[in-house]
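# Coordinate analysis (summary)
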Amino acid sequence: MEEYKNRPESLMMSYGYKPELSEGAIKCPIFQTSTFVFKRAEEGKAFFEVAYGLREKGHDEELGLIYSRLNNPDLEILENRLSLWDGADDCAVFESGMSAISTVLMEFLKPGDLLLYSSPTYGGTDHFINHVLTKWGVKLVNFFPNQSKEEIIQKIEDTGMGDKLALVYIETPANPTNTLIDIEMCREIADHFKEGEERIPLAVDNTYMGPLWQHPLKHGADLVVYSATKYIGGHSDVIAGACLGSSEHMARIKGLRTFLGNMAGPWTGWLLMRSLETLKVRMERQAKNAVEVAQFLEDHPKVDKVYYLGLIPEDDKGQKEIFKKQCKSTGAMVAFDIQGGEKAAFKFLNQLKLIKLAVSLGSTESLAEHPATMTHADVGKEAKDALGISENLVRLSVGVEHVDDLIHDIKQALDEVKNL
Ligand SMILES: *Cc1c(COP(=O)(O)O)cnc(C)c1O
């Protein structure tokens, strides 16, 4: 008989935790400890052999607890639970999304290598790529979401460094306009430049859609990274990150994490486990609210254009195709062009009462911001034009409030814009 498999949302309260190891506590306690006592010296020796890769782990052997920079129950249980959503072999949690991202970039790139990455990426990622990696002699090629596979391959060939391509790094949907990048196409580009047997890794920042609404590993990605500060944490009260992938890739990531020491602490691990219990209900409610918010904006005379995965224009067959292939939901991020430039956008933002004026996304409370002067202030004019980041653009992260209250708030703020 085939074994019955519970769904991830049913496992978030219990998976990977044994109450009998913690005095029967139903919840995993916070293991606020730096080090762990070995029963005997032989045990300490055996744990270190595995931790430092001096020998393979035995078939039924669990990696013993040594020291909280290497492992801690609050992180290990969280990592096991987080792996379920993406169907990954393993996961590593970090003290921020940026530390997950910079660790991936450092592990898979060395001086003289070529990195292919999509623009726009998150501002911090873009800064790390352009100001830190270049200092270390890594060469860069970027592409925009609307470019074809042939154009991107040509761009790489034009550098004369195709044989040095060592990593492909993308973010889809692109922030803030929700333009999708085809993950399978990026796999094909990586494979096009592969020499010999070894794959060129493809890493996807899945913060905008994950871990529920898009599963990059199923479309040819090797690594998935998250700012767990966003949907995974979901309450605007913790900064954290995660990276997921195959056992081989994750062994490298966890190795570098041990020596950079940028793992999350036990308290962060505990908070994220608590957040995972409600992840699905939160995200479903956010996506449902976003459908109605986007429709209201689409119908409003002061709004020119809505950028939302549920409103991809009929004639944009390419984007529709990618959406069908790799997205399981229209998400909860909505951007729109308001008439009247920065002045109107600011008036709208200042007038909101329930929705908070703040950057970040994916949390229980709805947030609004102005990408051109806030999250994307650093993006050059040419890229801003190519991406549609104008003075008119406002970005919303839709939360779990009652949708009628959200629409009421947006409506009253737009009414004020009329009175400029
Ligand atoms: C917020 C964010 C990051 C950075 O994460 P931190 O947790 O703030 O370090 C990276 N990528 C995306 C898409 C983000 O939204």
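Remember, it's a predicted structure, so these values are computed and weren't measured experimentally.

## Description of the packing of aromatic side chains
For the structure shown, the criterion picks out 6 aromatic pairs. On the basis of an interplanar angle of 80° and a centroid distance of 5.8 Å, the ring pair of Phe38 and Phe47 is categorised as edge-to-face. For Phe47, a relative accessible area of 15% translates into the label buried. Between Phe336 and Phe348, the ring centres sit 5.5 Å apart and the planes meet at 90°, which makes this aromatic pair edge-to-face. Note that Phe336 is positioned in strand S9 (residues 333–338) and Phe348 in helix H12 (residues 341–351), a separation of 12 residues in sequence.

## Considerations on the packing of H12 against helix H14 (residues 403–418)
Between H12 and H14, the shortest axis-to-axis distance is 8 Å and the interhelical angle comes to 140°. What the angle tells us is that H12 and H14 run oblique. Note on packing geometry: the crossing formed by H12 with H14 is right-handed. Mapping the contact onto sequence places Ala344, Lys347, Phe348 and Gln351 in H12 and Ile410, Gln412, Ala413, Leu414, Glu416 and Val417 in H14. Looking at the contact of H12 with H14, its residues break down into 6 nonpolar, 2 polar and 2 charged.

## A closer look at the site of the ligand
The local shell around the ligand holds 14 residues, among which Met98, Asp205, Ser227, Thr229 and Lys230 are the closest. Lys230 has a polar side-chain atom sitting 2.7 Å from an oxygen atom of the ligand. For the ligand, the protein covers 93% of the area, taking 380 Å² as the surface of the free molecule. Here the element with the most residues in the shell around the ligand is helix H4 (residues 97–108); it accounts for 3 residues.

## Things to note about the sheet that holds strand S3 (residues 139–143)
The strand order S1-S7-S6-S5-S4-S2-S3 describes an open sheet built from 7 strands, whose pairing is mixed. Two strands close off the open sheet at either side, each with one partner strand: strand S1 (90–94) and S3. In this sheet, neighbouring strand axes are inclined to one another by 20° on average, regardless of whether the strands run parallel or antiparallel. By the bridge criterion, 5 bridges tie S1 to strand S7 (residues 241–245) in an arrangement that is antiparallel. The residue bridging Val93 from the neighbouring strand is Ala242, located in S7. Across the face of the sheet, helix H8 (residues 247–260) comes into contact with S1, strand S6 (223–227) and S7 while running at roughly 25° to S1.

Calculation criteria
Residues numbered from 1 in each chain as written. Predicted model: local features only at pLDDT ≥ 70, side-chain atom pairs only at ≥ 80, totals over all residues. Heavy atoms only, no water. Phe/Tyr/Trp six-rings, centres within 6.5 Å; stacked < 30°, edge-to-face > 60°. Buried < 20%, exposed > 50% of the residue type's maximum accessible area, 1.4 Å probe, protein only. Helix = DSSP H or I, 4+ residues; strand = E, 2+ residues; numbered from the N terminus. Axes fitted to C-alpha atoms, helices over the stretch in contact; angles between N-to-C directions. Parallel < 35°, antiparallel > 145°, perpendicular 65-115°, else oblique. Left-handed = near helix turned anticlockwise from the far one by under 90°. Contact = heavy atoms within 4.5 Å. Nonpolar A, V, L, I, M, F, W, Y, C, P; charged D, E, K, R; others polar. Near = heavy atom within 4 Å. Polar contact = N/O pair within 3.5 Å; in protein donor to acceptor, adjacent residues only side chain to side chain. Areas by Shrake-Rupley, 256 points an atom, 1.4 Å probe, with all protein chains shown as cover. Pairing = 2+ DSSP bridges.

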